[in-house]
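One-letter residues, chain by chain:
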Amino acid sequence: MVQIINGREIARDIREKIRERVEQMPIKPKLAVILVGDDEASHLYVGLKQRACEEAGIGFELFLYPADASEPEIVSKIQELNARTEVTGILVQLPLPSQNADRVVLAIDPKKDVDGFHPANLENLKNDHPTLVSATALGIMKLITATNEELRGKQAVLVSGERFAEPLEILLAEQGVASEVVSPDDPHLKEKTQQGDILIVAVGRPHLINGEMIKNKAIVLDVGTNKIAERTIGDVDQESAAEAASWITPVPGGVGPMTVAMLLVNITKAWDLQK
Ligand code: GUN
């Protein structure tokens, strides 16, 4: 029988701890979010982040831009936010409609980069001096360790892009887990996903992975969120996956709430770095 990893419950505990911590802070942290364009999912995620900040007593300021906003305009807003001392965290919601995400992220002060996407923060993680680490990667690690399964010696397969995979590969390696990153368009996708004792899927394509593609007793982390006729589903066909997997994260209620909770953790870490 497959067991469900309850992200919502684990996230709730973390959010409560953060709320207590923020209550003790003499000056409260504040998150500034830059949201470009009108992608429905991005607006939804930012709304969830706003609510989480407000519930935790963290300040929140939103900067909306049209899809065709120029890159210098966005970069100049980031520079202004870097200089504002009461803004302790900056997040640019991705993907950007047309602007170059790497250049935009590079403009963020690494001490305020609560997504952990700045190359300096990735470098710190690689060099074993983690500062601000990708909230999604941290959240996934929490979910994997919540299974209490022995991780050392396991093989992880990550079906995703590089920005997502890189920090996660490092965190997995720290736990003795080797990982392979596979493109969702790989012609041998099925043979490759079948190798994963831990299978992590972050693509944004409903039903990309079914039970036949999952190794027996694998731990499956479904990072996808896709809206299909008002329902939110992941990238994994949960019904057939349940036949093969030993553990699985539901969608919704798995990785999503953990990403938000770990963002709050990063906001307090960034506050500490700027004290
Ligand atoms: N879009 C999808 N996931 C993320 C995330 O973790 N951070 C940001 N900024 N945008 C995202």
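Below you will find a few notes about this structure. Everything numeric here is computed off the predicted structure, so don't read it as measured data. (Residues numbered from 1 in each chain as written. Predicted model: local features only at pLDDT ≥ 70, side-chain atom pairs only at ≥ 80, totals over all residues. Heavy atoms only, no water.)

1. A word on the packing of helix H5 (residues 119–126) against helix H7 (residues 162–174)
This is how the line gets drawn: The convention used is that axes are lines fitted to C-alpha atoms, helices contributing only their stretch in contact, and that angles between N-to-C directions extend from 0 to 180 degrees. For helices the rule is a DSSP run of H or I covering at least 4 residues; for strands it is a run of E covering at least 2, with both sets numbered from the N terminus onward. Should an angle fall under 35 degrees it is taken as roughly parallel, and over 145 as roughly antiparallel, whereas 65 to 115 is taken as roughly perpendicular and any remaining angle as oblique. A clockwise turn of the near helix away from the far one marks a right-handed crossing, whereas an anticlockwise turn of less than a right angle marks a left-handed crossing. In this description, contact between two residues means that some pair of their heavy atoms is separated by no more than 4.5 Å. Lys, Arg, Asp and Glu make up the charged group, whereas Ala, Val, Leu, Ile, Met, Phe, Trp, Tyr, Cys and Pro make up the nonpolar group; the residues left over, Gly among them, are polar.
Axis separation between H5 and H7 bottoms out at 10 Å; the angle between their running directions is 15 degrees. Viewed along their axes, H5 and H7 adopt a mutual orientation that is roughly parallel. In the crossing of H5 with H7, the sense of the turn from one axis to the other is left-handed. Packed against H5, whose contacting residues are Leu122, Leu125 and Lys126, the element H7 presents Glu166, Pro167, Ile170, Leu171 and Glu174 at the interface. Broken down by class, the residue content of the contact of H5 with H7 amounts to 5 nonpolar, no polar and 3 charged.

2. Points about helix H6 (residues 135–145)
Heads up, the condition is: Each residue gets one of three labels from its accessible area relative to the maximum for its type: buried under 20%, exposed over 50%, partly exposed in between, using a 1.4 Å probe on protein chains only.
Of all 11 residues making up H6, 9 are buried, and the element is well covered by its neighbours. Looking at the packing, one finds that the buried side of H6 touches helix H1 (7–24), H7, strand S7 (198–202), strand S8 (219–222) and helix H10 (255–274).

3. What about the sheet that holds strand S4 (residues 89–92)?
Counted only if it meets this: Whether two strands pair comes down to DSSP finding at least two bridges between them.
Here we have 3 strands laid out as an open sheet, ordered S3-S2-S4, and parallel in their pairing. Strand pairing shows two members of the sheet lacking a second neighbour, strand S3 (59–65) and S4, which therefore form its edges. Taken pair by pair, the neighbouring strands of this sheet meet at an average axis angle of 15 degrees, ignoring direction. Sheet strands in contact with helix H3 (residues 71–83) are strand S2 (30–36), S3 and S4, and its direction is about 180 degrees off that of S2.

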